[in-house]
Amino acid sequence: VRDHITLYKALQLLHERDVNNFDFYFIGKRVEEQGGIYDTCEQIIKENDLTNVHFMGGRGDVPELLKSMDGFVYSTDHDTFGIAVVEAMAVGLPVVVNDYAVMKEVCGDMVTYYKSKDVGDCADAIEKLLAELPERKETAKKNVEVVRNKYSIEAYLARLNAVYGVIDNE
């Protein structure tokens, strides 16, 4: 589902631009059916000596990890919702994500988009996030309430009640 290759190549490009003032953490385990992608990404990291890029593996403490981060970057090939992006926005992180249609629907104007599969545009978006981090964090904090109102379990249950309440009354 994820487009990690674009992210890894963007990180490589940032390294070539001498933009290394950050640590980037990939969270998730190697999936055997897609091992080739993971291995390719790992090779890009090693070949380019990207010492600021870290593989965290599968984790059970992602909500806590998100709270310790300064930003969140995501790239998808075919997500149906993007729960990881919503979780990042819900804790007040500035988010960079590709312009995949469902991401635009879910995130609206609360995130920074880059053109899907465009390594240069992805690198530019990350570099801009780094350059504007204090301002982006303030804006992201203001979006937390919007995200929680839109995607909280309470909001979901209220929408279900509205739908099923109409059905029960018919």
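One can find the structure itself at the top, above this paragraph.
A brief report on the enclosed structure follows. (Residues numbered from 1 in each chain as written. Predicted model: local features only at pLDDT ≥ 70, side-chain atom pairs only at ≥ 80, totals over all residues. Heavy atoms only, no water.)

### Digging into unusual backbone geometry
Put simply, the rule reads: Helix numbering and strand numbering both begin at the N terminus, where a helix is a DSSP run of H or I of at least 4 residues and a strand a DSSP run of E of at least 2.
Although it is not a glycine, Asp49 sits at a positive phi angle of roughly 50°. Of note in this structure, Lys117 is not a glycine but carries a positive phi near 70°. Tracing the sequence through the fold places Lys117 in the loop between strand 5 (112-114) and helix 6 (119-131).

### Re the pattern of salt bridges
Note the cut-off: Whenever Lys or Arg places a side-chain nitrogen within 4 Å of a carboxyl oxygen from Asp or Glu, that contact is recorded as a salt bridge. Here the term buried applies to any residue with accessible area under 20% of the maximum for its type, exposed to any over 50%, and partly exposed to those in between, with areas from a 1.4 Å probe on protein chains only.
Applying the stated rule across the entire model yields nine salt bridges. Between Lys67 and Glu64 there is a salt bridge whose closest N-O contact spans 3.5 Å. Highlighted residues: Lys67 and Glu64, both in helix 3 (residues 62-67), separated by three residues, approximately one helical turn. Assigned by exposure class, Lys67 and Glu64 land together as exposed. Between Glu138 and Lys141 there is a salt bridge, and its shortest N-O distance comes to 3.8 Å. Separated by three residues within a single helix, Glu138 and Lys141 lie in helix 7 (residues 133-151), roughly one turn from each other. Taking the relative accessible area as the measure of exposure, Lys141 reaches 53% and is therefore exposed. Salt bridges here are not isolated pairs; linked through shared partners, they connect Asp3, Asp77 and Lys117.

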